[in-house]
Every structure is written in structure tokens, then in C-alpha cells.
Amino acid sequence: MKTKIVALAVVFVILAGFRPVVERSIMGKVTSADDGSALPGVNVVLKGTSNGTVTDGQGNYVITAPDQGGILVFSFIGMKTREVPIGSKNRIDVSLQMDVTQLSESVVTGREKTNKRHEAAPISTGQGAYKMKAAGDVAYQYAPKQVYKEEGEQFNTEEYDGITENIFHDAVHSPLSTFSIDVDAASYSNIRRFIQGGQRPPQDAVRIEEMVNYFHYVYPQPDGEDPFSINTEISTAPWNEKHKLVLIGLQGKKISTEKLPPSNLVFLIDVSGSMSDQNKLPLLKSSFKLLVQQLREQDHVAIVVYAGAAGLVLPSTSGADKKKIIEALDNLQSGGSTAGGAGIRLAYQVAKENFNKEGNNRVILATDGDFNIGESSNGAMEHLIEEKRQDGIFITVMGFGMGNYKDSKMETIADKGNGNYLYIDSILEAQKALVNEFGGTLFTIAKDVKLQIEFNPAKVQAYRLIGYENRMLKSEDFNNDKKDAGELGSGHTVTALYEIIPVGVESKFFKVDELKYQTTKLDTKNSKSNELMTVKFRYKRPDGNVSKLMVHPLIENNISLQKTSDNFRWAASVASFGMLLRNSEYLNGFSEEGILHLAQGAQGEDKDGYRAEFISMVKADRLVVAK
């Protein structure tokens, strides 16, 4: 009897100490300590977890947290990060202070440091690259693939392909402009990573079209048989009142998740030694877990990993078995060299073995791009990926980390492999790409999408495309269905901007002498036409080989900049900030104050806070440059 009493007492004590895990919702508002204004787009994360959210347009947030304990971390560009213990509170309002000290002590762009501006002189290396030795205590190494270093720090081998900014072209002698669409967003989040660290990014890391297309624009859904709508708008260029700015916007057809075709996915994950940092493999695994939660029973996932060699760690598994997929992710560890080519070959082989003729077949490559054994050069990657895309398998490239980040290699893989390219710098960026924009990231609705614009020389003296430098095509490529081009995902928007010098306008950016040996006679009827240009599109269905043509003329009008849509002014503000980061001569003295004013007036609804984050990033950059 005594023994039973003791046993019951032990059970009682155990049960009394046992509490089931209970979660609760914490809500609150984040404001600026300077003026009390709401701060949209603030990152709110439960410390030590991948559980996070961002504040909405009014600075409000809601996040789940344990019933007891826990710490919330609040971070925002240009503001001091705050950690707040939750305790027993269900509402936590927070004010953030401007972090001027952090920004002022940062290294800036490789040309400025602590109030000093350095003149750089090129030094030949004999390998098609050149070094830049600053006239102070900071040395950088740049190349068409940019590599740079700061003295006293670990060598930085990040690589970026060189970009030569598009110039103005004569509409009489070169009336056609042809390019491929670009839905990549990697450049924007990579730029954010630099500015959050108190630096300006290298100029060749700034791809203006990717900055513009990071954001969603409110264009009408297509109402015909074509998978996207075409939208155009024209007004004065904000940075040059003598010039015009033309917006061309595509809106991809939105397909609800339940109607999306089944997916045959292969996660191709770099587990080499270079992936050990917290912002690489650990963040990668958390990101893929978000994606796994979106999968349906009809979707299937296999996991291929590579380090010194490649291997299959999870055969194709139904999305219904989320536990099995997540366990396979949790078991991954980093170590060894990087046989990226072998990993790509195996991933495509697995995708082909499980090919779904009626579905979405895609490899998702996650890496820092630092391939160092086997096929590893950009040229080798280009040939390999061009070979594999013939199998009808698309690719998504997700970049992670810093220091040895190979942007140029990953952009090449995505561009040549019927794919898209993302840079994941935080769990919130993963949430944006893999949850909020799930369909656009993973489901292609049109491939090989090309644009060709013919300018009316009776109206247009000269033109230049803003961005898309590495997406330019020859005029004859437009009608060549064998020429690869960009892909458009479900619900995605694509925006392009042209700067135009009207006929009769004198501009310091375009002066060409009259020809001596020939004259060009224009068709007189074109001078009477109100068409400024004709926009032509070609695209293929995801499983098609023959393109379809769409034609959309743009009529000249004189809408003032103030009366244009939020789409127009927002795209112009982002493009002008990109021009600022690239030190573009075409910015014509347009200041960061002007950029901010333009952006703040076009912020719109901004329910996810992405536009508010951009505005804060411009403010943070202004502080960096000022110091």
C-alpha cells in the first residue's frame, strides 16, 4: 500500500510538472522614436527560430510565440535593432531609433571610408581583370567579374559580371530595340544586404531591371487567351524634364494554388564546406521548410546534395509526407569541396526520371555558387545548363551568403536554363519568394518571352533602355524561335522603362553630326501619326516550341508626371536609385531627396511593407554617403 502511494505521488509530481506546448499571438505596433510615425516593413523575428513577420503599412504586426518566455527581435534598415523579452505580455509596442553611428563608421563602396573619398588607379593583372588601389587604407580588387577585399579582413572573392550601361540610340538609323524579359530579383536583395551593412554595393552588383521587378505592380489581369496583359504609360522623365519616360508592363495570369499543375521538384543543395555559415546552410534549410509547407499531395520532391561528389539523399516523395522531407533537410551537414557540375547533372537526371508530362518539372539549386572542382567555370556551366534545358526541365537558383558569393555564375545558370534567380538574405526574403510569390517563382506560364520596340523616328530622336544590359538581343533574334529568352511565372509582373529624347529637343546626352555621303528620307505619313512606338512581343507556351506574336502600339500623350499612376512613379523612383548606385551620368543631378519624394508619393497600399523598406533603404544610403 505504501509503495502504491509513493508511486502515485511520483506520477502526480510528473504530471504537475508537465505542460503541453501552448502558443499565443503577440501583436503590437512599431514606430519611429524620432517623430512617432508608423514604420512599415520592420522585420519582427522570434529569436533563435525561423518564425518571423513584417509590419504592415500602419506599422502593425502579429506573430505567434510560446506561452511563456521568448524574445522578439525588431530590425529595420537605418534603425538600431531592439530585442524585447516577451514575458507574459500579449501586446508589445516598440519604437526604433535611427542608427547613425553604425552607418557613419561603415566602409562605403570601395571609394569612401570614414569621411574620406579615395581616388583609384587601375593596375593590370594580366588576366583581363584589374586591381584598384585606394589612396588610403582600403584596397579593393575589381574585374568584369568583380572581386574585392578590405585590408585586415578575410579575402572577399565575390564575383559580378561587368555591366556597361545602355546608351542613347538614333531612332532613324537604329529604330529597333530587342531584349528578353527578366524576372530575377537577386540584385535587389543583394543590394539591400550591402546597404544594411553600411556599404554601397559594387556597381556591377546593381542590375536596375531586377531592382524594378522586385516589386509587384497593379496591372490588369489578362482577359483573353494570352497568358499576360500588356500595359504602357508615358510622361516626363523625373530626372530630365526635356526627356520622356515610357513604361511597359506585363501582368502574368494569376493561377490559384489549387489549380496549379502538380510539381516534380528536385532540391539541389550545396553542402560543401563553404556553406557552413549561419546565413548559408542553416538559412537554406529553414527556407526550404517554408516551401515544403506549401506543397500538396500531388507534388513530389527529391533531394540531391553535392560537396566533393553528388548524391541522392531523398528519392521523389509526395508533398503529403512533409515530415519525411523535413527530416531529410534537418540531417544535412556541410563539409568538403564543391562539385557543382556533378550535382547539376544528377539533379536533372532525377528530375527526368520522375518527369511529369502534365506538370511543373523544376530543379531548385541552392548555393553560394563557389564551385571549385569538376565543371566549375561560367562557360562550362553555360554549356551544361543549355544541354539540360532541352529536357523540358526549368530551374530556380537561390543564392545564399557573402564573402565568396558567385553572383555571375548563378545568373548564368538561371539565364541559360529557362529559370529565375533569387538571393536569400533572410528568412523574410524566403517567405516572400517561396510563400507569398509561390506561383510566380515556381510555375512558368510563358517561356522565351521577347520584346521588340520599333520607334517612330518622326516622333523620337533617340532612346535608351534602362537596365536589361545583359538581356539585349539582336534584331533578328526576335523572330528566331531557337533563341532563348526569359520566363514569366504565374501572377508575375514585368516592367521595363525607356528614356526618350523627342524630335526637336536638344540634349547633351545625344549629339550626332549630319551624314556627308547619304541622306535618310522618312515616310511623311509617320509625321502625321500619333504613334510614338510599336511594342511587339513573342512568347511560347511552357511546353511549346513555336512562338506567338502580340503587337501593341503606344500613342503619344502629354500626361504630367503628377497625374501618372503609382506604377509609373514607383518604377521611376526605383530605377533612379539604381542609376544613383551605378553613378549614371544620365541621372543628370537628380538627388536622393528627389528620389525619396517620388517614391513616397507612389508608395500606394503596400500591404507587405516592401515599398516602405525601399524608402528606408534610400534614407540609409543617404546617411552612408553623407558620412
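Calculation rules
Residues numbered from 1 in each chain as written. Predicted model: local features only at pLDDT ≥ 70, side-chain atom pairs only at ≥ 80, totals over all residues. Heavy atoms only, no water. Helix = DSSP H or I, 4+ residues; strand = E, 2+ residues; numbered from the N terminus. Buried < 20%, exposed > 50% of the residue type's maximum accessible area, 1.4 Å probe, protein only. Contact = heavy atoms within 4.5 Å. Areas by Shrake-Rupley, 256 points an atom, 1.4 Å probe, with all protein chains shown as cover. Pairing = 2+ DSSP bridges. Axes fitted to C-alpha atoms, helices over the stretch in contact; angles between N-to-C directions. Phe/Tyr/Trp six-rings, centres within 6.5 Å; stacked < 30°, edge-to-face > 60°. 1 Å grid on protein atoms, 1.4 Å probe; cavity = no way out; pocket = protein on both sides within 12 Å on 5 of 7 lines; lining within 4 Å. Points joined across faces, edges and corners; volume = space filled by probe spheres on them. Nonpolar A, V, L, I, M, F, W, Y, C, P; charged D, E, K, R; others polar. Right-handed = clockwise from strand over helix to strand, strands pointing away. Core = buried A, V, L, I, M, F, W, Y, C linked by side-chain atoms within 4.5 Å. Parallel < 35°, antiparallel > 145°, perpendicular 65-115°, else oblique. Left-handed = near helix turned anticlockwise from the far one by under 90°. Expected span 1.5 Å × (residues − 1). pLDDT = per-residue confidence, 0-100. Polar contact = N/O pair within 3.5 Å; in protein donor to acceptor, adjacent residues only side chain to side chain.

Let us now look at the overall build of the protein. Assigned secondary structure in the protein consists of 15 helices and 29 strands. Within the protein, buried positions represent 54% of all 627 residues. Residue pairs in contact within the protein that sit at least 24 positions apart in sequence constitute 74% of those at least 6 positions apart. For the protein, the exposed surface amounts to about 27,500 Å²; the carbon and sulfur share of it is 50%.

Moving on, we come to the sheet that holds strand 5 (residues 71-75). As summarised here, the arrangement of the 4 strands in space is 3-2-5-6, forming an open sheet in which the pairing is antiparallel. With partners counted over all chains shown, the strands left at the sheet margins are strand 3 (52-54) and strand 6 (82-85), one partner each. Taking the axes of each pair of neighbouring strands and ignoring which way they run, one obtains an average angle of 20 degrees across the sheet. Of the pairings in the sheet, the one linking strand 2 (residues 43-46) to strand 3 comprises 3 bridges and is antiparallel in character. Opposite V45, over in strand 3, you have G52 as the bridge partner.

Spatially, the 5 strands line up as an open sheet ordered 14-25-27-17-16, and their pairing is antiparallel. Across the chains shown, the open sheet's two edge strands, defined by having one partner strand only, are strand 14 (169-170) and strand 16 (228-237). Across 6 bridges, strand 25 (residues 460-466) lies against strand 27 (residues 493-502) in antiparallel orientation. The residue of strand 27 that forms the bridge with A462 is I501.

So, about the packing of aromatic side chains. Within the structure shown, the criterion is met by 22 aromatic pairs. Ring plane angle 25 degrees and centroid distance 4.0 Å describe the contact between Y188 and Y214, whose orientation is recorded as stacked. Taken together, the residues Y188 in helix 3 (residues 186-196) and Y214 in the loop between helix 4 (208-212) and strand 16 connect sequence positions 26 residues apart. Overall, Y188 belongs to the buried group, its relative accessible area being 0%. For Y214, a relative accessible area of 2% puts it in the buried group. Relative to F614, the ring of F577 has its centre 5.6 Å away and its plane inclined at 85 degrees; by these criteria the two rings are edge-to-face.

Turning our attention to the layout of surface pockets. Taken as a whole, the largest pocket spans an internal volume of roughly 1,200 Å³. For the largest pocket, the lining is made up of 49 residues, of which N43, V45, D425, S426 and I427 are closest to its centre. For the lining of the largest pocket, the secondary structure elements donating two or more residues are strand 2, strand 3, strand 5, helix 2 (100-104), helix 3, helix 5 (281-292), helix 10 (427-436) and helix 15 (610-626). Here the residues of the lining of the largest pocket are counted per class, giving 18 nonpolar, 20 polar and 11 charged.

It is worth spelling out the environment of S591 at this point. Structurally, S591 is set in the loop between helix 13 (566-581) and helix 14 (592-600). On the basis of relative accessibility, which here comes to 36%, the residue S591 falls in the partly exposed class. Between the C-alpha atom of S591 and that of L580, which follows or precedes it by 11 residues, the distance is 8.3 Å.

Moving on: the pairing of strand 23 (residues 419-423). Of all 5 residues making up strand 23, 5 are buried, and the element is well covered by its neighbours. Side chains of strand 23 alternate between two faces, with G419, Y421 and Y423 and N420 and L422 buried alike. Inspection of the sheet shows strand 22 (residues 394-399) paired to strand 23 by 5 bridges, in the parallel sense. If you follow T396 over to strand 23, its bridge partner there is N420. Read from strand 22 through helix 9 (residues 407-416) to strand 23, the crossover connection turns out right-handed.

A few words now on the nonpolar core. Counting 49 residues, the largest nonpolar core has M211, F215, W239, L245, W570, F577 and F614 as the members making the most contacts within it. If one sorts the elements of this core by residue count, helix 13 sits on top with 10 residues. Not counting the four nearest positions on each side in its chain, W239 is found in contact with L245, I466, E499, A572, S576, M579, Y586, L587, N588 and F590. Of all hydrophobic cores here, the second largest spans 38 residues; its members include V271, I326, M398 and I427.

Before going further, it helps to examine the side chain of D621. Tracing the chain through its elements places D621 in helix 15. In contact with D621, other than residues within four places in its own chain, are I195, R200, F577, L580, L581 and E592.

What follows is about the packing of helix 13 against helix 15. For the pair helix 13 and helix 15, interaxial distance at closest approach is 12 Å and the crossing angle is 30 degrees. Between helix 13 and helix 15, the angle is such that the two are roughly parallel. Of the two possible hands of crossing, helix 13 and helix 15 adopt the one that is left-handed. Packed against helix 13, whose contacting residues are D566, W570, S573, V574, F577, L580 and L581, the element helix 15 presents R611, F614, I615, M617, V618 and D621 at the interface.

With that settled, the discussion passes to unusual backbone geometry. You will see that Y468, though not glycine, has its phi angle at about 60 degrees, which is positive. Summarising the element assignment, Y468 is placed in the loop between strand 25 and strand 26 (486-489). The phi angle at D606 is positive, at roughly 50 degrees, despite the residue not being glycine. Secondary-structure assignment places D606 in the loop between helix 14 and helix 15.

What follows deals with helix 10. Each α-helix turn comprises 3.6 residues. Residues three or four places apart therefore point the same way. Counting buried residues in helix 10 gives 7 out of 10 residues, a clear majority hidden from the surface. Here helix 10 has its buried residues at I427, L428, E429, A430, K432, A433 and L434.

Once that is clear, we can look at helix 5. Over its 12 residues, helix 5 extends 16 Å from the first C-alpha to the last, a length consistent with the 16 Å expected when each residue adds 1.5 Å. Looking only at helix 5, the buried set comprises L281, L283, L284, K285, S287, F288, L290, L291 and V292. Packing partners of the buried residues in helix 5 comprise strand 18 (263-270), helix 6 (322-330), strand 21 (360-367), strand 22, helix 10 and helix 11 (438-442).

What follows deals with the confidence of the model for the protein. Per-residue confidence for the protein gives a mean pLDDT of 84, with 86% of residues at or over 70. Throughout residues 10-19 the model reports pLDDT below 50, and contacts reaching past four residues in sequence, or to other chains, amount to 2 contacts. In the predicted structure, residues 102-153 sits below a pLDDT of 50 and forms 124 contacts with residues beyond four places in sequence or in another chain.

Attention now goes to empty space enclosed by the protein. In total, this model carries 4 cavities of 30 Å³ or more according to the counting rule given. Lining the largest cavity, in full, are V183, R362, N418, G419, N420, G440, T441, T444, E487, L488 and G489. Listing elements by their share of the lining of the largest cavity, those giving two or more residues are strand 23, helix 11 and strand 26. Take the lining of the largest cavity: its biggest share by element is 3 residues, from strand 26. Residue classes in the lining of the largest cavity are distributed as 2 nonpolar, 7 polar and 2 charged.

All right, on to the side chain of D204 then. Within the secondary structure, D204 is located in the loop between helix 3 and helix 4. Among the residues examined, D204 registers a relative accessible area of 10% and is labelled buried. Within the structure, D204 has its side chain in polar contact with the backbone nitrogen of I163 (distance 3.2 Å).

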